[in-house]
Amino acid sequence: MFKESPIYDRLITERGDVPAQVRSEAERVNRELELVMGPLQSPGHSQGGHDRQQSPGNGWQRTALLPGPRPH
């Protein structure tokens, strides 16, 4: 692709092939995630509770704090 890239070659020599190291680490993490997440993707496992009826108030809600001192 590129004929010569002396600056890049020198950086590889000095610092190592960082893009290759990052790629390798990303592939390792991806494999680990597939092992961990695999059971969650099996048939019959409900994903995120989509099979239950959703109604207002289900899930996470933020509650407002009144002004003034906060209880500890």
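You'll find the structure just up there.
Fair warning: this is a prediction, and the values are worked out from it, not measured in the lab.

1. Comments concerning a nonpolar patch on the surface
On the surface, V29, L33, L35, V36, M37 and L40 cluster together to form a nonpolar patch covering roughly 550 Å² of accessible area. Looking at the secondary structure, you find V29 in helix α2 (residues 18–37).

2. Brief notes about helix α1 (residues 6–15)
Summarising burial for α1: zero of the ten residues are buried, a small minority. Positive backbone phi, approximately 90°, marks G16, located one or two places after α1.

3. Thoughts on the pattern of salt bridges
For the structure on display, the rule yields three salt bridges. The salt bridge partner of E14 is R10, with a shortest N-O separation of 3.5 Å. Of this pair, E14 and R10 both sit in helix α1, separated by four residues, roughly a single helical turn. For R10, a relative accessible area of 56% puts it in the exposed group. Across the salt bridge formed by E32 and R28, the nearest N and O atoms sit 2.3 Å from each other.

Rules behind the numbers
- Residues numbered from 1 in each chain as written.
- Predicted model: local features only at pLDDT ≥ 70, side-chain atom pairs only at ≥ 80, totals over all residues.
- Heavy atoms only, no water.
- Patch = residues over 30% accessible without salt bridge, like charges linked within 9 Å, V, L, I, M, F, W, Y side chains within 5 Å.
- Areas by Shrake-Rupley, 256 points an atom, 1.4 Å probe, with all protein chains shown as cover.
- Salt bridge = Lys/Arg side-chain N within 4 Å of Asp/Glu carboxyl O.
- Helix = DSSP H or I, 4+ residues; strand = E, 2+ residues; numbered from the N terminus.
- Buried < 20%, exposed > 50% of the residue type's maximum accessible area, 1.4 Å probe, protein only.

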